[in-house]
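Listed below, chain by chain, are the residues.
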Amino acid sequence: MRAAEAVLRFREGVARFLKADSIVDDARTLESYNRDISFVKGGRARLLVYPQNREDVRGIVRAASKNKVPLVPVSSGPPHYRGDTVPSADAVIVDFSRMKRIIRIDPVSRYAVLEPGVTYGQLVPELRRQGFKLVMPLLPRANKSVVTSRLEREPGLIPKYQYDYLDPLLTLEVVYGTGDDFRTGSASGPGTPETLKADGVNPWGPGVLDFFRFVSGAQGTMGLVTRAATKVEVLPSLEELFFITSGDVRPLVEAMNRLLRKRVVDECLALNGANLAAILAESLPQDFAELKKDLPPWTLLVGLAGYQRRPEERIAIMERYLREICGELGLKARPSLPGGGGREKKVTELLSGPWRSEPYWKLRQKDACHDIFFLTTLSKVPEFVGVMRGAAERHGYPFEDIGGYLQPMVQGRGCHVEFSIPCGKDETARVKDFFIEASETLINEGAFFSRPYGPWADMVYGRDGEGAAALKKLKAIFDPDNILNPGRLCFREGGRG
Amino acid sequence: MDKLTDYRYTMKSCNSCGQCRFILGPMMKGWEYAEICPIHLRYRWDACSGQGLINIAQELLDGELDYEDGLIEHIYTCTTCGACDINCKSVRDMEVMDTILALRARCVEDGRGPLPPHQEQARYIEAHHNIFGEPHEERSDWLQEGIKLSEKADVAYFAGCATAYKHPDIARNTVRILNAGGLDFQVLHDEYCCGAPLWRTGQVEAARKLAEHNTEVFRENGIRTVVTACAECYGTFRGFYPRIAPPDFEVVHISEVVQRMLRADRLKLKGKLDIKVTYHDPCLLGRLSEPYVPWHGEIKSFGYHEPPKTWRRGTHGVYESPREVLKAIPGLELVEMTRHAENAFCCGGGGGVPAAFPDFALWTAAERLDEAKSTGANAVVSACPWCESAFQNAIDADKSTLQYHDFTGLVVRALEL
Amino acid sequence: MEKVMSLPKEVYQALLKVVGPENIADRPHILAALRHTNPQSGRQPPSPAAVIMPGSVEEVREIVRICNRHGVRYNAVVSMFGMGGVVSQPGMLVISLRRMNRIIEINEFDRYAVIEPAVRQVQLKAEVFKRGLTYPTASAGPSCSVLANFLTSGDHHTQQSSSRCSRYLLGYEWVTPTGEIVRVGSLAHGAGWFCPDGPGPSLRGLVRGYGGWGGGLGIVTRIAIGLDDWKGPRVLTTQGHSPDYKIPFPPDCHRVFIFKFPTLEKVRDAMTEMGKAEIGQAVLKFFYATEAVLFTVSANDFRDLWNSGLYQRELPRALWVYLAAWTPEELAYEERVMRDIVEEFGGEPVDASITRKYEENMDFFILVSFLQRVLKLGGGWSPTKLGADSIHHMFEVAAAIPEFFYDFIEKGRILDAPHNFQVIPMEYGHAAHIELLFFFDNQRPDWQQIPAEVMQKSMESDIRHGFHAATPPRVKAVMERLGPLYSNFQVWTNKIKETFDPNNVSNPGPG
Ligand SMILES: Cc1cc2nc3c(=O)[nH]c(=O)nc-3n(C[C@H](O)[C@H](O)[C@H](O)COP(=O)(O)OP(=O)(O)OC[C@H]3O[C@@H](n4cnc5c(N)ncnc54)[C@H](O)[C@@H]3O)c2cc1C
Ligand code: SF4
Ligand code: SF4
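Quick caveat, the model's predicted, so the values are computed rather than measured.

A. Structural view of the overall build of chain A. Counting its secondary structure elements, chain A contains 15 helices and 17 strands. When each of the 497 residues of chain A is scored for burial, the buried share is 67%. For chain A, the accessible surface area stands at approximately 16600 Å², while carbon and sulfur atoms represent 49% of it. Charge-centre separation for chain A: the mean point of 70 positive side chains lies 2 Å from the mean point of 63 negative side chains.

Shown next, in the form of structure tokens:
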């Protein structure tokens with residue numbers, strides 16, 4: 001069956017249950033899904049559908065399975081960066097942005113149940129109103145989907161709340177490539193969602209498998225998530241942000257390790273001058289350039305918090321520990337940001353919500369921005385910063401212009417390291433070479449690209465034949481017709497691994 | 001006398017928890033020296049453990065297991081050190097050691113046990129009243145001139161076979177200490193083997209005869225207190241004799257005697273010994289030394305023992321007195337092994353193992369010496385002639401620089417006798 | 001003896017070649033220790049055909065491959081403390097991993113330890129303490145295998161400030177049911193042991209879920225586990241002799257409190273608030289009868305204590321709190337917060353003799369050295385429920401226990417202890433675990449039926465109410481029956497089993 005014909009049949013199938021305005025074939029709209037800011041190129045979006053509920057999603061998947069039509073799920077609004085929503089072949093886009101109900105915010109058991117289209121911009125203020133706080137990634141765009149961000153294991157700013165790499169994701173409702181729906185953990189049953197009394201906050205199982213893990217980091221290849229529960233935290237009644245600066249990452253890494261080991265701090269992240277300037281600059285390019293010049297090479301941002309009971313007392317004790325640890329390392333924790341021109345308040349504000357203005361902070365310098373990010377342990381962070389610097393030098397890219405972000409994860413037992421390379425229109429080819437070579441070098445040196453988007457997939461799976469083989473077995477179970485975002489990860493014909 | 005069928009409750013209660021092979025939680029020190037069952041450490045099968053032996057006992061009793069090839073050897077590899085028993089009893093109301101001993105007795109009763117070397121020992125004992133087949137008349141040859149004996153004393157020093165024939169120094173040192181402390185005592189020329197080698201190999205009927213004989217000798221000589229420097233004798237008097245008849249004498253170990261004398265200022269440890277030692281608790285002086293109290297009753301709902309039973313959990317073993325005495329010796333530094341007191345690892349010298357499985361006995365002693373060395377001590381001290389043989393063999397085989405001292409030897413040196 | 005089904009000669013010989021004659025056995029008396037009737041479940045497992053002890057991952061792989069070639073069913077085992085039994089079908093090969101007992105690495109900075117299967121709690125705990133670290137240690141006794149516990153269960157008393165063990169399972173090395181060696185997560189990428197998830201979808205999801213496979217999906221030969229900071233002493237200062245040990249902690253930074261509340265709802269709410277305030281190394285509603293069993297040495301002592309009625313009076317609606325801090329000031333702060341909460345919900349201290357037991361035996365919060373005492377009433381002890389969800393849901397489940405429990409009590413089949421359940425919050429109250437324990441009288445002729453019947457009634461009650469109070473067990477018939485009620489999870493579980501174990505040789509389970 002030719003692709004166009006298959007899509008046509010698919011369209012006939014879904015038209016039986018989707019409303020007319022939920023099926024879009026307008027060329028310009030479709031065109032916008034064909035590429036993003038990444039280097040990934042691929043096939044074409046042939047049709048766009050907007051499911052409204054689980055039954056719609058099941059119907060869409062069944063129709064796709066019947067007609068062998070690839071589906072590419074998209075939940076966040078544009079721009080996209082990772083290439084994961086760019087169809088690898090002619091495909092139907094399943095856009096979840098109309099499934100955006102906040103189904104429940106439970107103040108007692110501290111969780112929220114969301115549809116995939118719920119964005120940070122939507123959820124954060126709602127939670128705040130009710131006295132809760134969401135562990136945020138660093139300044140996500142406001143139209144980013146909370147569910148997919150958590151599914152993709154994006155790091156959060158408060159490592160102490162994270163007990164493993166999937167935390168704070170709790171349970172999922174998912175539609176597999178077979179069209180069957182499934183609920184994970186304590187949302188699984190007994191009975192139907194209507195009769196089940198559980199809150200759905202136990203993520204594990206049911207039974208002997210951690211089903212939620214198979215769908216995580218999968219870029220939509222293992223199932224389409226129609227609902228997810230995530231933890232939320234108590235909104236502190238008192239917060240204090242401290243800045244610890246250094247010319248070298250090493251002492252900061254040591255400080256992060258000790259602070260997290262003792263669980264002294266809430267927010268805990270380090271940014272280099274380029275990133276901090278991009279975030280704080282009022283105007284471009286002058287203010288940005290000045291800030292970048294004045295800010296220290298690396299700044300560690302740590303937040304102390306007091307919750308609902310005796311907040312001052314808690315902060316006083318934690319501050320004492322903070323000072324002791326900094327003292328041991330010859331560092332200073334200051335409430336002010338040296339070189340920041342008095343913009344401490346702004347930092348505090350920014351960290352508590354998504355990025356709301358245009359352009360997105362990563363796009364303030366140049367039209368595009370290419371991120372290299374991976375996981376490692378804190379002990380190895382300085383080494384990888386060195387590796388990246390070496391690669392930048394080899395490619396004649398000024399290292400100081402690259403954004404640097406260190407986000408400890410899982411209580412400091414791991415660390416997300418992210419380099420953002422701004423890229424002008426005229427330097428795409430050069431930056432691409434740099435990006436590819438730096439990624440390869442980092443992987444060779446033992447950086448763990450746990451979310452292998454775009455070109456990383458081949459680099460990563462090519463090194464792990466047994467693991468890729470196991471993943472393919474799983475894929476064949478949950479998506480036997482290979483209709484869910486085909487071509488991603490190790491799931492493509494001719495792909496390595 | 002107890003029988004294997006008396007231990008049905010133990011067999012049924014075991015849940016394979018594995019505590020009988022590992023050091024007790026409160027004593028944890030690290031990865032090394034965490035195991036306490038010699039046969040399990042060496043052979044690793046579950047069957048090689050207190051648990052395995054009671055599982056085997058149950059299957060034999062129920063006719064689910066035959067006396068197949070290798071079974072008797074298997075049952076007799078166990079050193080009867082009782083580490084399993086004490087560990088199990090730290091958490092359970094079970095009789096692991098007594099089940100193993102009753103299993104051996106059952107093998108003997110069924111004509112399948114013990115092993116030939118144990119049978120030979122029994123023959124020697126039958127003929128010469130000692131385990132080595134040495135002439136009975138020479139039993140007191142260790143006695144030297146100058147020792148003051150008191151024929152009227154109600155205290156007897158009981159040397160035991162191993163001391164009398166193989167480690168006469170221990171006997172000599174012991175009586176010198178008693179003299180120095182001014183304790184009147186007798187040496188009974190008609191003492192027989194205490195019965196330990198027979199009891200621990202399941203030859204309980206033969207052991208009973210020895211117990212009856214020795215008890216009679218004590219009675220005839222008006223003995224109310226028996227002093228011994230042998231852990232096996234000590235543990236047998238306390239753990240076996242009451243199974244035959246209620247004992248009418250008290251048993252004390254030489255370390256307890258010295259402790260009392262020191263406390264009463266009847267002895268002074270003046271001689272300086274610049275040495276760093278670690279003390280090895282002999283099984284039958286430590287965890288297995290509590291007096292046996294016969295129990296006849298019924299086990300009711302939820303394990304309730306009616307009437308209440310006196311358990312031997314190893315709480316009141318002779319742990320403190322040797323340590324207190326050693327620490328009182330000027331210049332002597334005492335360091336502890338990870339596995340000490342009720343958690344001590346066996347020297348490999350008990351249960352008939354050296355006679356039947358000398359290589360395994362040697363291996364066990366070497367394992368223990370390795371632990372002793374790890375403390376930084378230059379000597380290991382114990383208070384039993386069987387331990388001395390086991391350790392000395394291993395030291396000789398390994399050409400180890402570690403030294404072995406019997407408790408009594410160090411005390412005599414410190415007393416400058 | 002006929003009951004042992006033996007392996008074909010050529011298979012035995014092939015296996016013997018892999019490990020050498022010292023490390024394989026099929027004599028019935030060696031196998032006797034592997035088929036003993038379990039006093040907790042009442043089940044007598046069938047006899048295995050042989051037992052083998054590999055010494056390395058390569059040997060494990062070879063053994064597994066031989067089993068696949070010849071259709072021999074196998075199961076891995078370490079210490080056999082598990083409730084399930086290791087041999088599910090006659091004629092299986094038991095792969096005992098006892099020789100693989102090394103601690104490969106303890107990384108103090110990045111806070112993880114890499115271990116082989118036969119490393120025991122009593123070994124690893126002491127080693128990490130020495131380094132000022134700790135890990136979530138299941139209340140499964142000192143001799144339990146850390147690896148097996150991380151693969152099977154892993155609930156423990158200090159989950160308030162940490163989580164279930166499964167959260168702390170990092171990279172692992174896995175011999176698949178068909179004999180491939182797969183290294184999972186960062187490990188496969190030369191990146192170390194720290195992360196089990198990715199690249200891409202997480203294979204960590206295969207090795208265990210809420211519960212574990214019980215050996216049904218290959219053999220894990222090494223795992224890394226996450227470590228947490230340890231506020232207690234680096235070396236235990238134990239006093240006394242077995243079984244009367246005392247293990248006190250420095251009281252200025254370690255305190256135990258037990259409060260009784262007017263209702264269970266108040267216990268629940270106080271627990272919830274302590275989670276929100278992020279206080280407490282351990283916070284739990286503990287089992288009152290189990291506590292009486294744990295803190296007495298013999299069955300007779302237990303009966304005396306239980307019959308005194310003290311625990312029934314003080315503990316059915318109580319909350320246990322263990323505060324641990326770096327400094328006395330921090331402890332004082334947590335105590336003030338705790339007292340605010342306790343006062344708010346009408347709590348008051350229980351009889352001091354009960355609290356003292358804990359303060360003298362702080363190992364309760366670190367290893368539960370005396371855990372096996374729960375079996376001392378003849379072994380007749382079993383857990384049920386064993387599920388997790390929110391604190392509120394767990395208390396809702398608890399409130400319904402009397403519906404099915406009293407029938408067993410009234411017939412004298414189980415101990416009269418209707419409040420013998422525990423609820424332990426985890427991750428500062430983001431979820432909680434429930435467990436209902438019952439002591440059954442195994443001197444009764446029908447003792448072997450009691451555990452299964454209680455579990456059955458408990459499950460029926462959960463289903464009736466729509467409670468997620470347990471995860472369905474991996475028992476084929478039960479899975480098929482209950483699966484449709486749990487999102488048809490059995491369909492996917494079976495598919496995974498069939499895909500990864502096409503010859504169905506890795507512990508196929510009973511029946
Ligand atoms: C009295 C009692 C109380 C308990 N309390 C608790 C508690 O509070 N919390 C808790 O978490 N648990 C508890 N448990 C259960 C305990 O978790 C298990 O007993 C333990 O985790 C299993 O470890 P084990 O050392 O006995 O391993 P084993 O019995 O050797 O193994 C357990 C299972 O894991 C499988 N397995 C073993 N090794 C491997 C491997 N390398 N690869 C793949 N599969 C393997 C085995 O096939 C077996 O099915 C309790 C058990 C008892 C008896
Ligand atoms: S004998 Fe005792 S310690 Fe050993 S496994 Fe059985 S119950 Fe546990
Ligand atoms: S008595 Fe000693 S050797 Fe024998 S099984 Fe018990 S611990 Fe092992």
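Back to the write-up after that little detour.
B. Focus on the overall build of chain B. Within chain B one finds 19 helices and 10 strands. Its C-alpha atoms give chain B a radius of gyration of 21 Å, near enough to 22 Å, the size a compact globule of 417 residues would have. Once the C-alpha set of chain B is aligned to its principal axes, its extents read approximately 60 × 50 × 40 Å. Looking at chain B as a whole, 67% of its 417 residues qualify as buried. Look at the contacts in chain B between residues 6 or more apart in sequence, and 77% of them connect residues 24 or more apart. Carbon and sulfur atoms make up 47% of the accessible area of chain B, which amounts to about 14300 Å² in all.

C. Looking closely at the domain arrangement of chain A. Residue and element names in this part refer to chain A. You can read the domains of chain A as domain 1 (3-95), domain 2 (102-234), domain 3 (236-355) and domain 4 (366-451). Measuring from the centre of the C-alpha atoms in domain 3 to the corresponding centre in domain 4 gives 22 Å. The partner domain 4 presents 15 residues to the 16 residues of domain 3 that form the contact. Buried area between domain 3 and domain 4, both sides added, is near 1400 Å², and the carbon and sulfur share of it is 63%. It is V253, L260 and W298 in domain 3 that bury the most area against domain 4; as a group they hold 29% of the surface buried on that side. There are 1 salt bridge connecting domain 3 and domain 4. Applying the counting criterion to the domain 3 and domain 4 interface returns 7 residue pairs in polar contact (both at pLDDT 80 or more). Among the secondary structure elements, those contributing two or more residues to the side of domain 3 that touches domain 4 are α7 (249-261), β13 (268-272) and α8 (273-280). Per-element tally for the side of domain 3 that touches domain 4: the top contributor is α7, with 6 residues.

D. Representation of the pairing of β13(A) within the structure. All names here are of chain A. Extensive coverage of β13 is indicated by the burial of 5 of its 5 residues. Here β13 shows no split at all, with C268, A270 and N272 on one side and L269 and L271 on the other all buried. Taken together, the 5 bridges between β13 and strand β14 (residues 298-306) define a ladder with antiparallel strand orientation. Bridging from a neighbouring strand, L271 pairs with T299 of β14.

E. The arrangement of the chains, seen in detail. The assembly contains 2 pairs of chains in contact; the pair sharing the most contacts is chains A and C. As for chain B relative to chain A, no contact occurs, and the smallest C-alpha gap between them is 23 Å.

F. Region of the structure containing the interface of chain C and chain A. Taken together, the contact between chain C and chain A spans 95 residues of the former and 97 residues of the latter. Summed over both sides, the interface between chain C and chain A buries roughly 8100 Å², with carbon and sulfur atoms accounting for 57% of that surface. Ranking the residues of chain C by area buried against chain A places C:R167, C:H430 and C:W492 at the top, with a combined share of 11%. Where chain C meets chain A, there are 14 salt bridges. Between the two partners, chain C and chain A, sit 50 residue pairs in polar contact (both at pLDDT 80 or more). Considering each element in turn, the side of chain C that touches chain A owes the most residues, 8 residues, to helix α11 (residues 328-344) of chain C.

G. View of unusual backbone geometry. Cis geometry marks the peptide bond from C:G198 to C:P199, where omega comes out at 5 degrees. Cis geometry marks the peptide bond from C:S242 to C:P243, where omega comes out at -5 degrees. Relative to the elements of secondary structure, C:P243 occurs in the loop between β11 (228-229) and β12 (254-260). A positive phi angle, close to 50 degrees, is found at B:T80, a residue other than glycine. A residue is classified by how much of its surface remains accessible, and B:T80, at 2% relative accessible area, is buried. A positive phi angle, close to 60 degrees, is found at C:R111, a residue other than glycine.

H. Up close: the site of ligand 1. Contacts to ligand 1 come from 34 residues, most closely from C:A76, C:V78, C:S79, C:F81 and C:G154. Those residues lying near ligand 1 are distributed over chains B and C. At 2.9 Å, a side-chain N or O of C:N75 approaches an oxygen atom of ligand 1. Looking at the shell around ligand 1, the elements with two or more residues in it are β3 (74-77), α5 (146-152) and β10 (219-226) of chain C. Broken down by class, the residue content of the shell around ligand 1 amounts to 19 nonpolar, 14 polar and 1 charged.

I. Expanded view of the packing of aromatic side chains. Using the criterion set out here, one finds 55 aromatic pairs over all chains in the structure. An angle of 45 degrees between the planes, with centres 6.1 Å apart, marks the rings of C:W174 and C:F500 as tilted. Placement of C:W174 in strand β8 (residues 169-175) and of C:F500 in helix α17 (residues 489-500) is noted, with a sequence separation of 326 residues between them. Overall, C:W174 belongs to the buried group, its relative accessible area being 1%. Sitting over the ring of C:W326, A:K262 keeps its end group 4.4 Å from the ring centre. Above the face of the B:Y304 ring, C:R303 is positioned so that its terminal group lies 3.5 Å from the ring centre.

J. Spotlight on the sheet that holds strand β2 (residues 45-49) of chain A. Residues and elements named next belong to chain A. The strand order β1-β2-β4-β3 describes an open sheet built from 4 strands, whose pairing is mixed. Only two strands of the sheet have a single partner each, and these edge strands are β1 (23-24) and β3 (71-74). The pairing of β3 with strand β4 (residues 91-95) spans 4 bridges and is classified as parallel. Of the residues in β4, the one forming a bridge with V72 is I93. Strands β1, β2, β3 and β4 of the sheet are contacted by helix α1 (residues 3-15), whose axis makes an angle of about 5 degrees with β2.

K. Up close: the packing of helix α14 (residues 254-263) of chain B against helix α19 (residues 407-415) of chain B. Residue and element names in this part refer to chain B. At a closest axis distance of 10 Å, the pairing of α14 and α19 adopts a crossing angle of 25 degrees. Taken as axis vectors, α14 and α19 run roughly parallel relative to one another. The chirality of how α14 crosses α19 is left-handed. Contacts between α14 and α19 involve I254, S255 and V258 from the former and F407, T408 and V411 from the latter. Of the residues belonging to the contact of α14 with α19, the class tally is 4 nonpolar, 2 polar and no charged.

L. Structural context of the side chain of B:E371. All names here are of chain B. Topologically, E371 is positioned in helix α17 (residues 358-374). With relative accessibility at 0%, the residue E371 sits in the buried group. At 2.8 Å, the side chain of E371 forms a polar contact with the side chain of R368. If we ignore the near neighbours within four places in the chain, the residues touching E371 are Y33, M337, T338, R339 and F345.

M. Structural context of helix α14 (residues 402-410) of chain C. Residues and elements named next belong to chain C. Within the sequence span of α14, burial applies to F404, F405, F408 and I409. The arc enclosing the buried residues of α14, seen along the axis, measures out at 140 degrees, which places them on a common side. Structurally, α14 contributes buried residues whose contacts are with β16 (381-389), β18 (431-439) and α15 (450-465). G412 sits one or two positions beyond α14 and adopts a positive phi of about 75 degrees.

N. Broad picture of the environment of C:L133. Along the chain, C:L133 turns up in strand β7 (residues 133-134). Sequence separation of C:L133 and C:K495 is 362 residues, and the distance between their C-alpha atoms is 40 Å. Setting aside residues up to four positions removed in sequence, C:L133 forms contacts with A:R261, C:E108, C:R111, C:V128, C:L227, C:D228, C:D229 and C:W230.

Cut-offs used in this document
Residues numbered from 1 in each chain as written. Chains lettered and ligands numbered in written order. Predicted model: local features only at pLDDT ≥ 70, side-chain atom pairs only at ≥ 80, totals over all residues. Heavy atoms only, no water. Helix = DSSP H or I, 4+ residues; strand = E, 2+ residues; numbered from the N terminus. Buried < 20%, exposed > 50% of the residue type's maximum accessible area, 1.4 Å probe, protein only. Areas by Shrake-Rupley, 256 points an atom, 1.4 Å probe, with all protein chains shown as cover. Lys, Arg positive; Asp, Glu negative; His and termini not counted. Charge placed at Lys NZ, Arg CZ, Asp CG, Glu CD. Rg over C-alpha atoms; globule rule 2.2 N^0.38 Å. Contact = heavy atoms within 4.5 Å. Domains from an automatic or database assignment. Buried area = accessible area lost by both parts, 1.4 Å probe. Salt bridge = Lys/Arg side-chain N within 4 Å of Asp/Glu carboxyl O. Polar contact = N/O pair within 3.5 Å; in protein donor to acceptor, adjacent residues only side chain to side chain. Pairing = 2+ DSSP bridges. Near = heavy atom within 4 Å. Nonpolar A, V, L, I, M, F, W, Y, C, P; charged D, E, K, R; others polar. Phe/Tyr/Trp six-rings, centres within 6.5 Å; stacked < 30°, edge-to-face > 60°. Lys NZ or Arg CZ within 6 Å of the ring centre and 35° of its normal. Axes fitted to C-alpha atoms, helices over the stretch in contact; angles between N-to-C directions. Parallel < 35°, antiparallel > 145°, perpendicular 65-115°, else oblique. Left-handed = near helix turned anticlockwise from the far one by under 90°. Arc of directions from axis to C-beta.

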